[in-house]
Every structure is written in structure tokens, then in C-alpha cells.
Amino acid sequence: MNKVIKLISIVVAGVIIAAPVIGDSHSGHSMHGHGEMTSSANHGMGKGVLHKIDMENKIVNLTHQPIPELNWMGMTMDLPVTRRVDLSEFKPNDKVNFTVKKGRDKQFRITVMELDK
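Values in this document were obtained by computation on a predicted structure and should not be read as measured data.

What follows deals with the side chain of Asn61. Along the polypeptide, Asn61 turns up in strand 2 (residues 59-64). Polar contacts involving the side chain of Asn61 include one to the side chain of Asp78, which spans 2.8 Å. Excluding residues that lie within four positions of it along the chain, Asn61 makes contacts with Val49, Leu50, His51, Lys52, Thr76, Met77 and Asp78.

Below you can see the structure in the form of C-alpha cells.
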């Protein structure tokens, strides 16, 4: 009986400890969640790897490294790009350097993107 109670206690403790980590997944994350993480900065530079490119809607899905200027942790997310970015130059799995800037609508967009050589 004591072994069963001890085992249940360990399992419950594990769930309590793991819950914040499990709930912090950013797979498929969109740009909407960055509001809580941003600083007062309106732009920043990042490095990442492209996964999907939506030419029609001008949106890329990428995994980026942390962007300290914006207090963004590294994550996978969708980001729109401005018309200045020619998406035809890129393909999935490309490593890229990019600049994001917050628009008047408070949404971040990639304004410059180039291959990371």
C-alpha cells in the first residue's frame, strides 16, 4: 500500500513539473503570441531555417533563434513578409537571416530576408 501511494505521489509530482513545459510548445506558433514577449523595440534581426513558404499569402513558417532585441525566444512560427521580400528566391530548409519590424497594426513582418551563407 505504501509503495502504491509513493508511486502515485511521484507520478503526480512529475505531471505538475512537466505541465508548464508541455504547455510551452511553440510548434506551429503564429505571430500573435509575441505580444507578451516583446520589448519596446519595434524591430530586430534573426537567423532561422525556413520550413514552408506560402507565396500567395506572403507568409513563411520558420524556426528562428532567439531575437534578443525583441525578447523573443527561439521558436517555430509563421511570419508574414512585406512585398519587398521576393519569396521566389527561397525554398524549404534554406537557412536565412532576416529583419522583422512591427507595423502600425502591431503585427511583426519580415521586411528583409536573405540566404545565410
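Another aspect to go through is unusual backbone geometry. In the Ramachandran plot, Lys58 falls in the positive-phi region, its phi being about 55° despite a non-glycine side chain. The phi dihedral of Asn71 falls on the positive side, at around 60°, and the residue is not glycine.

A separate point is the packing of aromatic side chains. Aromatic ring pairs are described here by two measures, namely the spacing of the ring centres and the angle between the planes. Here the structure, examined in full by the defined rule, presents 1 aromatic pair. When the ring of Trp72 is compared with that of Phe108, the centres are 5.0 Å apart and the planes differ by 75°; the resulting orientation is edge-to-face. Placement of the pair is Trp72 in the loop between strand 2 and strand 3 (75-80) and Phe108 in strand 5 (residues 108-115), with a sequence separation of 36 residues. Relative accessible area serves as the criterion here: at 2%, Trp72 is assigned to the buried category.

Each value, and the rule that gives it
- Residues numbered from 1 in each chain as written.
- Predicted model: local features only at pLDDT ≥ 70, side-chain atom pairs only at ≥ 80, totals over all residues.
- Heavy atoms only, no water.
- Helix = DSSP H or I, 4+ residues; strand = E, 2+ residues; numbered from the N terminus.
- Polar contact = N/O pair within 3.5 Å; in protein donor to acceptor, adjacent residues only side chain to side chain.
- Contact = heavy atoms within 4.5 Å.
- Phe/Tyr/Trp six-rings, centres within 6.5 Å; stacked < 30°, edge-to-face > 60°.
- Buried < 20%, exposed > 50% of the residue type's maximum accessible area, 1.4 Å probe, protein only.

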